[in-house]
Amino acid sequence: MAWTLYEITRHPGIEQRLREELATVCADRPLAYEDLEHLPYARRVLQEAIRKYGPAWLVTRTATRDLDLGGHLVPEGADVVWSPYLHQHDPAVFSDPGAFDPDRWTTGDTAATRGSFLAFSDGRRKCIGENFAWAELQIILATVLRTWPSFRLTSRAPRPQAVVTVKPDRMTMRFHRQPAPRSTDDPARITTGPEPGPDTEPSPSTG
């Protein structure tokens, strides 16, 4: 999610498309689970962030039998270390892999990436929580966009840091909310605390 927000700050056109899609589907009502299937662009943005920053950067497997892997003998019991991150940056599968391009995940292009998008692993070892993760990510992204009408990066561009997952080493953002509605009794301003007297300072305005 952090990487997704970072990329949104770098691509105003992507942010605009996300907000337009969300407004079309939900308008002013709360987001419902049934809305998620109608937010395909949000899903593509998240998928591209996961592809580009590959949270699972190293995975290990143990060979259960002797096998030939690309001309290399892997003996039974050997540990094999491989990188989904590198698979997801293979230019033979993903053109211009360093670019952030959610539209690479349109229906016509997705089939070619099968077996190379491995953030949730694949086959018998595929993560059983994948569908939950997608729903959670889409809900969080939609909530952030509806809560923050605008936001921007206030730190330097984050650098990928490979620990257990690939995370930003440091990232801070500033966001702005819509101003609160003014009171009908006092449309000029809204104040908190006691009314200022001759010996008190005016309280900060929240309007």
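The rules behind these values
- Residues numbered from 1 in each chain as written.
- Predicted model: local features only at pLDDT ≥ 70, side-chain atom pairs only at ≥ 80, totals over all residues.
- Heavy atoms only, no water.
- Phe/Tyr/Trp six-rings, centres within 6.5 Å; stacked < 30°, edge-to-face > 60°.
- Helix = DSSP H or I, 4+ residues; strand = E, 2+ residues; numbered from the N terminus.
- Buried < 20%, exposed > 50% of the residue type's maximum accessible area, 1.4 Å probe, protein only.
- pLDDT = per-residue confidence, 0-100.
- Contact = heavy atoms within 4.5 Å.
- 1 Å grid on protein atoms, 1.4 Å probe; cavity = no way out; pocket = protein on both sides within 12 Å on 5 of 7 lines; lining within 4 Å.
- Points joined across faces, edges and corners; volume = space filled by probe spheres on them.
- Nonpolar A, V, L, I, M, F, W, Y, C, P; charged D, E, K, R; others polar.

For this particular structure, what's the right way to read the packing of aromatic side chains?
To describe a pair of aromatic rings, one takes the distance between the centres and the angle between the planes. Enumeration over the complete set of coordinates arrives at seven aromatic pairs. Between phenylalanine 120 and tryptophan 134, the aromatic rings sit 5.5 Å apart at their centres with planes inclined by 50°, giving tilted as the arrangement. Of this pair, phenylalanine 120 sits in the loop between α5 (107-110) and α6 (130-147) while tryptophan 134 is found in helix α6, placing the two residues 14 residues apart along the sequence. Accessibility classification places phenylalanine 120 together with tryptophan 134 in one group, the buried group. Their ring planes at 10° and their centres at 4.4 Å tell us that tryptophan 148 and phenylalanine 175 sit as a pair that is stacked.

Got a minute to help me understand the confidence of the model for the protein chain in this structure?
Interpretation of this model should avoid reading the predicted coordinates in detail wherever pLDDT is low. When pLDDT is averaged along the protein chain, the result is 82; 82% of the residues meet or exceed 70. Long-range and interchain partners of residues 186-207, a stretch whose pLDDT sits below 50, account for 20 contacts in this model, where long-range means more than four residues apart.

Explain empty space enclosed by the protein to me, please; I cannot follow it from the model alone.
Where empty space is left in the structure can be found by rolling a water-sized probe over the atoms. According to the stated counting rule, one finds one cavity of 30 Å³ or more in the structure shown. One number sums up the size of the largest cavity: a volume of about 40 Å³. Lining the largest cavity are Leu18, Glu21, Leu22, Leu39, Ala42, Gln138, Leu141, Ala142 and Leu145. Of all the secondary-structure elements, those providing two or more residues to the lining of the largest cavity are α2 (12-26) and α6. Tallying contributions element by element places α6 first for the lining of the largest cavity, with four residues.

Where do I start with the layout of surface pockets in this structure?
Put simply, the largest pocket is a space of about 430 Å³. Lining of the largest pocket is provided by 14 residues; of these, Arg61, Leu67, Leu69, Val80 and Trp82 occupy positions nearest its centre. Secondary structure elements with two or more residues in the lining of the largest pocket: β1 (59-62), β2 (67-69) and β4 (79-82). When grouped by side-chain class, the residues that make up the lining of the largest pocket number seven nonpolar, four polar and three charged.

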